[in-house]
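# Summary of the model geometry
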Amino acid sequence: MLETNLERIKHNLETLSSFNSTPGKGYTRLSFSPEHRKALDFLSKACESMGFEVMIDPVGNFRAKLKGSDPGAPPIMCGSHIDTVLYGGKLDGAAGVVAALEALTVIKEQNVPIRHSLEFIAFVEEEGASFGGGLIGSKALVGKYTVEDLKNLTNDEGLSFYEAAKNFGLNPDELEDYVLRKGDVKALLELHIEQGNVLYTKSIPLGIVEAIVGIKQLAVTLTGKANHAGTTPMNLRRDALVAASNIISFVEHCAKHEAFDTTVATVGKIWCFPNVTNVIPGKVTFTIDIRDIKTEGIQRVEQLIKEEVKRISDERGLQYSVNLVGESDPVKLSEKVVSVIQRVAEKLNVNFLRMNSGAGHDSALLTEVTDVGMIFVPSIEGISHAPEEDTEYEDLKTGCDVLLNALVDLAQ
Ligand code: GLV
Ligand code: MN
Ligand code: MN
């Protein structure tokens with residue numbers, strides 16, 4: 001069996017995590033930022049030095065190809081995302097990017113015969129930290145986002161993904177030519193940190209993902225009346241923030257008690273206007289992120305929240321809107337690819353657990369066009385989307401070895 005090089009993995013991870021706009025306060029690499037540019041330049045150099053064919057697609061997905069012996073055989077893709085959340089960790093996305101780069105590097109270095117080409121991919125804007133919704137690179141790649149959609153996805157400054165991509169030197173108008181259809185790709189493999197504590201608490205070094213949660217993200221806006229905080233009696237107020245606080249409490253209650261054990265819901269972002277100490281809040285917008293491995297769990301929570309938004313707004317004389325920010329369905333991964341990964345883990349004598357993913361991944365979108373498999377490595381204390389996010393290097397190396405050998409198995 002083949003082996004990856006831990007020193008190179010460490011070096012590449014450290015380099016990638018140095019492209020960070022918030023040093024000392026976690027890791028931040030937002031899409032189309034100077035740090036994103038540096039990360040792409042680093043990947044380009046690393047791939048070109050290995051003789052891989054490098055290309056950045058019209059929306060910013062970085063791709064590099066190691067050619068197989070059969071030009072007619074569809075490629076196998078491998079990678080993860082290059083962006084981070086604000087103040088996040090150094091491994092979410094980056095671990096899978098470095099792992100894929102390492103796997104292709106070993107295959108090339110050791111002249112491992114492959115029939116199918118291998119394509120390294122670093123997806124753009126998986127987190128949605130800038131343009132909302134998330135999974136934008138993969139949605140565009142499988143045709144779920146059109147150029148028009150990209151014009152409607154905007155950041156907090158009102159700049160659209162489309163414009164930002166153009167400013168970054170890309171040409172999103174050419175997206176259609178790059179959309180993948182069924183049969184274009186034989187399989188896709190992604191290594192990722194688990195981001196939960198299942199593997200860590202059980203001391204199991206490897207997770208083989210069977211299914212990925214569905215996600216629905218909404219934005220709720222409540223409009224009341226801004227007024228003087230000292231002169232407006234309590235019974236004459238239309239306070240949008242108090243209404244929002246009631247709804248936010250309901251979101252937690254609803255996910256906890258009204259759906260399944262697997263259902264979760266989070267309000268993670270809020271804007272309050274005018275956001276002034278002595279003014280009654282006239283308008284509030286907040287996001288809701290609902291997830292479940294079962295579609296019915298998401299649907300039930302969404303329905304109950306919408307009813308509660310209406311009830312509370314009516315009661316308090318507010319106007320309201322609930323808009324869809326982004327969604328992806330729960331998906332099952334390919335049993336074929338899962339069994340290849342499992343066979344490799346058994347051959348390498350690696351203890352593993354078949355499990356579900358509570359985090360969203362670009363892999364979920366790729367199931368629309370190809371067979372997908374995912375490998376998880378343990379997250380220390382189950383922490384992720386936070387500066388403390390970490391994985392033991394030994395576990396990361398194990399995951400990389402499994403990824404490498406599974407890729408070779410699929411490519412031959
Ligand atoms: C991405 O990390 C997500 O699960 O939101
Ligand atoms: Mn993430
Ligand atoms: Mn991720």
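## Side note on the overall build of the chain
The secondary structure content of the chain amounts to twelve helices and 16 strands. Taken over C-alpha atoms, the radius of gyration comes to 22 Å for the chain, in line with the 22 Å a tight globule of 412 residues would show. Principal-axis analysis of the C-alpha atoms gives the chain an extent of 80 × 45 × 40 Å. Counting across all 412 residues of the chain, residues that qualify as buried make up 57%. Of the charged side chains in the chain, 41 are positive and 58 negative, and the gap between their average positions amounts to 3 Å.

## What to know about the domain arrangement of the chain
Domain assignment breaks the chain into domain 1 (6–212 + 330–411) and domain 2 (214–328). Distance from the C-alpha centre of domain 1 to the C-alpha centre of domain 2: 33 Å. With 15 residues of domain 1 in contact, the opposing surface of domain 2 contributes 14 residues. Counting the surface lost from both domain 1 and domain 2, the interface buries some 910 Å², and carbon and sulfur atoms represent 52% of this. When residues of domain 1 are sorted by the area they lose upon contact with domain 2, G133, D156 and P330 head the list and together hold 48% of the total. The tally of links from domain 1 across to domain 2 stands at one salt bridge. D156 serves as the salt-bridge partner of K269, at 3.5 Å between the closest nitrogen and oxygen. Remark: the boundary between domain 1 and domain 2 carries four residue pairs in polar contact (both at pLDDT 80 or more).

## Regarding the coordination of the manganese ion (ligand 3)
Binding of the manganese ion (ligand 3) to the protein goes through H81 (NE2), D92 (OD) and H192 (NE2), at separations of 2.0 to 2.2 Å. Here the donor residues of the manganese ion (ligand 3) are spaced in sequence according to H-x10-D-x99-H. A spacing of 3.5 Å is found between the manganese ion (ligand 3) and the manganese ion (ligand 2), which share D92 as a donor. Taken as a pair, D92 in the loop between strand 3 (76–81) and helix 3 (94–109) and H192 in strand 5 (residues 187–193) lie far apart in primary sequence, 100 residues in all. When its relative accessible area of 6% is taken as the criterion, D92 is described as buried. For H192, a relative accessible area of 1% gives the class buried.

## Re the site of ligand 1
Looking at ligand 1, the residues that line it are D92, E126, E127, R291, A359, G360 and H385. At a separation of 2.7 Å, an oxygen atom of ligand 1 approaches a polar backbone atom of G360. H385 places a polar side-chain atom, nitrogen or oxygen, 3.0 Å from an oxygen atom of ligand 1. For ligand 1, whose unbound accessible area comes to 190 Å², protein coverage reaches 88%. Per-class residue counts for the shell around ligand 1 are one nonpolar, two polar and four charged.

## Here's the deal with the environment of C272
Counting through the fold element by element, C272 comes out in strand 10 (residues 270–273). The exposure class of C272 is buried, given its relative accessible area of 17%. With residues near it in sequence (within four places) discarded, C272 still touches L241, P281, K283 and V284.

## Considerations on the packing of helix 10 (residues 335–347) against helix 12 (residues 393–411)
For the pair helix 10 and helix 12, interaxial distance at closest approach is 9 Å and the crossing angle is 125°. Our classification of the angle between helix 10 and helix 12 gives oblique. For the element pair helix 10 and helix 12, the recorded crossing hand is right-handed. Each of V337, V340, I341, R343 and V344 in helix 10 lies in contact with helix 12, whose residues at this interface are V402, N405, A406, D409 and L410. Of the residues in the contact of helix 10 with helix 12, the class split is seven nonpolar, one polar and two charged.

## What about the coordination of the manganese ion (ligand 2)?
With distances of 2.0 to 2.7 Å, the protein atoms coordinating the manganese ion (ligand 2) are D92 (OD), E127 (OE), E127 (OE) and H385 (NE2). The sequence motif formed by the donor residues of the manganese ion (ligand 2) is D-x34-E-x257-H. Residue class for H385 comes out partly exposed when judged on its relative accessible area of 41%.

## Describing the pattern of salt bridges
By the definition in use, this model includes 26 salt bridges. Put simply, E102 and R8 hold a salt bridge, and the shortest N to O gap is 2.8 Å. Remark: R8 occurs in helix 1 (residues 6–17) and E102 occurs in helix 3; sequence separation between them is 94 residues. For D401, the salt bridge goes to K397, with nearest N and O atoms at 2.8 Å. One end of the pair is D401 and the other is K397, both in helix 12 and four residues apart, which spans about a single turn. Each member of the pair, D401 as well as K397, carries the same accessibility label: buried. Three or more residues are tied together by salt bridges with common partners; here these are K216, E302, K306 and E327.

What counts as what
Chains are numbered independently. Their residues run from 1 in the order of the written sequence. Here the convention is simple: chains get letters from A, ligands get numbers from 1, in the order in which they are written. Whole-chain, interface and lining totals are the exception, using all residues; otherwise, since this is a predicted model, local features are given only for residues with pLDDT of at least 70 and side-chain atom pairs are given and counted only at 80 or more. For the side-chain quantities, the full set of heavy atoms in the structure was used; hydrogens and water were omitted. By definition, any uninterrupted DSSP run of H or I lasting at least four residues is a helix, any uninterrupted run of E lasting at least two residues is a strand, and each is numbered from the N terminus. Between the two quantities, the radius of gyration covers C-alpha atoms and the globule rule is 2.2 Å times the number of residues to the power 0.38. Residue burial is assigned from relative accessible area. The probe radius is 1.4 Å, only protein chains are included, and a residue is buried under 20% of its type maximum, exposed over 50%, and partly exposed in between. The charge count treats Lys and Arg as positive and Asp and Glu as negative. His and the chain ends do not count. Where a charge sits is defined by one atom per residue type, namely NZ (Lys), CZ (Arg), CG (Asp) or CD (Glu). Note that domain bounds follow an automatic or database assignment of domains. We call two residues contacting when some pair of their heavy atoms lies within 4.5 Å. The buried area of a pairing is the accessible area, by a 1.4 Å probe, that goes missing from both parts when the two are put together, added over both. We count a salt bridge whenever a side-chain nitrogen from Lys or Arg sits within 4 Å of a carboxyl oxygen from Asp or Glu. Any pair of N or O atoms that falls within 3.5 Å is considered a polar contact. Within protein, one atom must be able to donate a hydrogen and the other to accept it, and sequence-neighbouring residues count only if both atoms are side-chain atoms. With water omitted from the atoms examined, metal sites may look incomplete; donors here are N, O and S atoms no farther than 2.8 Å from the metal, or 3.2 Å in the case of Na, K and Ca. Note on definitions. A residue lies near a molecule or strand when any single heavy atom of the residue is within 4 Å of it. For the area figures, the Shrake-Rupley method with a 1.4 Å probe applies, and any residue is considered shielded solely by the protein chains shown. Classification used: nonpolar for Ala, Val, Leu, Ile, Met, Phe, Trp, Tyr, Cys and Pro, charged for Asp, Glu, Lys and Arg, polar for all others including Gly. Axis geometry follows a simple rule: fit a line to the C-alpha atoms, using only the stretch in contact for helices, then measure angles between N-to-C directions, giving values from 0 to 180 degrees. For classification purposes, angles smaller than 35 degrees are called roughly parallel, those larger than 145 roughly antiparallel, those between 65 and 115 roughly perpendicular, and all remaining angles oblique. Take the far helix as your reference; a near helix turned counterclockwise from it by less than a right angle gives a left-handed crossing, and one turned clockwise gives a right-handed crossing.

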